[in-house]
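# Reading the structure
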Amino acid sequence: MNKNDLFDLTGSAALVTGAGRGLGAQFAHAFAEAGADVACIDIDLNAAQDTADSLRAYGRKTFAFACDVAAESVVQDTVRAVHEALGRVDILVNNAGIADPVPSRVGNYSSKNWHRVMDVDLHGVFYFCNEVLPIMAEQGNGKIINVASMWGLVGSSSVFPIPAYNAAKGAVINLTREMGLEYAAANVQINALCPGFYRTGLGPSDDVDVTSALTALTPMGRIADAEEIQGPALFLASAASNFMTGQTLVTDGGVLAQ
């Protein structure tokens, strides 16, 4: 295979959750630029539509759908609609997620907040995989990228306590391993992407004081720009990663190497 073809997604159909902004919008742009048609999924339909509109410059088919990933019946309807619109689903990125509303240690943690984070960050991943995997298995190919976090591999309380987020992302990583094994023989590759600190305009990493603290924690001495997630995502979505499944790709500027 020509090396340029390794990352060519021409003819593929991608579904990206949380595509309205942040890293989700970056995934959508990376795939469309590489030749894929893209369904942009977000709880905010206007945000999803803005991303879908911005992709049309690449000459690809794009669609926007509103979906609360924590609602299983809504996920089922959304996947059905995406499949009808695109005709297939070759790439799924489970990116939609939320963090603990307020950093807090276990012992005085709100069970309501715990369940909400789990519903979105873990159950949402399961719901989408549960609907998309039969489609991919029938097609005989597929790529699933579950966006976890470096905090799914280590605790974060040395910086800030976010136990629900950490627990959910850790579960996503091991669910990825399990599904990777289950569907390895079906030619469906399922991997987890674990970002470190990225500038997305959505979280505390864009606060000046927090930025300084996170930069000091990162051996590369900087926080990544949102666009820098596109390379790892394209690798996991393309033929370049065809012999990789059930694995975890960490993009954290060296934080976990310390």
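Look up: the structure comes first, before these words.
Fair warning: this is a prediction, and the values are worked out from it, not measured in the lab. Chains are numbered independently. Their residues run from 1 in the order of the written sequence. It should be noted that, the model being predicted, local features are given only for residues of pLDDT at least 70 and side-chain atom pairs only at 80 or more, the latter also being counted only at that level, while totals for whole chains, interfaces and linings use all residues. Derived side-chain values reflect all non-hydrogen atoms in the structure, with water molecules and hydrogen atoms excluded from consideration.

## So, the pattern of salt bridges
Here is the rule we go by: Any carboxyl oxygen of Asp or Glu that lies within 4 Å of a side-chain nitrogen of Lys or Arg is treated as forming a salt bridge with it. The secondary structure listing takes helices from DSSP runs of H or I that are at least 4 residues long and strands from runs of E that are at least 2 residues long, numbered from the N terminus. A 1.4 Å probe rolled over the protein chains alone gives each residue an accessible area, and that area as a share of the maximum for its type sets the label: buried under 20%, exposed over 50%, partly exposed in between.
All told, the structure shown has seven salt bridges when counted by the stated rule. Between D37 and R60 there is a salt bridge; the shortest N-O distance is 3.2 Å. Taken together, the positions of D37 in strand β2 (residues 37-42) and R60 in the loop between α2 (45-55) and β3 (62-66) put the pair 23 residues apart, joining distant regions of the chain. By relative accessible area, which is 11% here, D37 ends up buried. By relative accessible area, R60 is classed as partly exposed at 24%. Of the charged contacts, one joins D77 and R80 as a salt bridge, the two residues approaching to 2.9 Å between their closest N and O atoms. Residue D77 and its partner R80 are both found in helix α3 (residues 72-86); the two are separated by three residues, about one turn of the helix. Since its relative accessible area comes to 45%, D77 is described here as partly exposed. Residue classification places R80 among the partly exposed positions, given a relative accessible area of 46%.

## What about the packing of aromatic side chains?
Test applied: Centres within 6.5 Å make a pair out of two Phe, Tyr or Trp rings, where for Trp the six-membered ring is used; the pair is then stacked when the planes are under 30 degrees apart, edge-to-face when over 60, and tilted otherwise.
Across all of its chains, the model carries five aromatic pairs by this definition. With 6.3 Å between their ring centres and 90° between their planes, Y109 and W114 make a pair best called edge-to-face. Here the aromatic residues W151, F160 and F197 are joined through ring pairs into a cluster of three or more.

## Notes on helix α5 (residues 163-182)
Residues lying three or four places apart along an α-helix face the same way, a consequence of the helix completing one turn every 3.6 residues. Quick reminder of the rule: Given the number of residues in a helix, its expected span is that number minus one, multiplied by 1.5 Å. Working rule for contacts: check all heavy atoms of both residues, and any pair within 4.5 Å makes them a contact.
Between its first and last C-alpha, α5 extends 28 Å over 20 residues, near the 28 Å set by a 1.5 Å rise per residue. Turning to α5, its buried residues are P163, A164, Y165, N166, A168, K169, V172, I173, T176, M179 and G180. Those residues of α5 hidden inside the fold are in contact with α4 (111-139), β5 (142-147), β6 (188-195) and β9 (248-251).

## Structural notes on the packing of helix α1 (residues 22-33) against α2
Counted only if it meets this: As a rule, the C-alpha atoms of each element are fitted with a line to give its axis, helices using only the stretch in contact, and angles between N-to-C directions run from 0 to 180 degrees. Orientation categories follow fixed angle ranges, with anything under 35 degrees roughly parallel, anything over 145 roughly antiparallel, 65 to 115 roughly perpendicular, and all other angles oblique. Take the far helix as your reference; a near helix turned counterclockwise from it by less than a right angle gives a left-handed crossing, and one turned clockwise gives a right-handed crossing. Asp, Glu, Lys and Arg are counted as charged, while Ala, Val, Leu, Ile, Met, Phe, Trp, Tyr, Cys and Pro are counted as nonpolar; the rest, among them Gly, fall into the polar class.
Following both chains from N to C, one finds α1 and α2 inclined at 25°, their axes separated by 10 Å at the closest point. In this view, α1 runs roughly parallel relative to α2, as classed from their interaxial angle. Between α1 and α2 lies a crossing of right-handed hand. In contact with A25, A28, H29 and A32 of α1, α2 contributes T51, S54 and L55. Split into classes, the residues belonging to the contact of α1 with α2 amount to four nonpolar, three polar and no charged.

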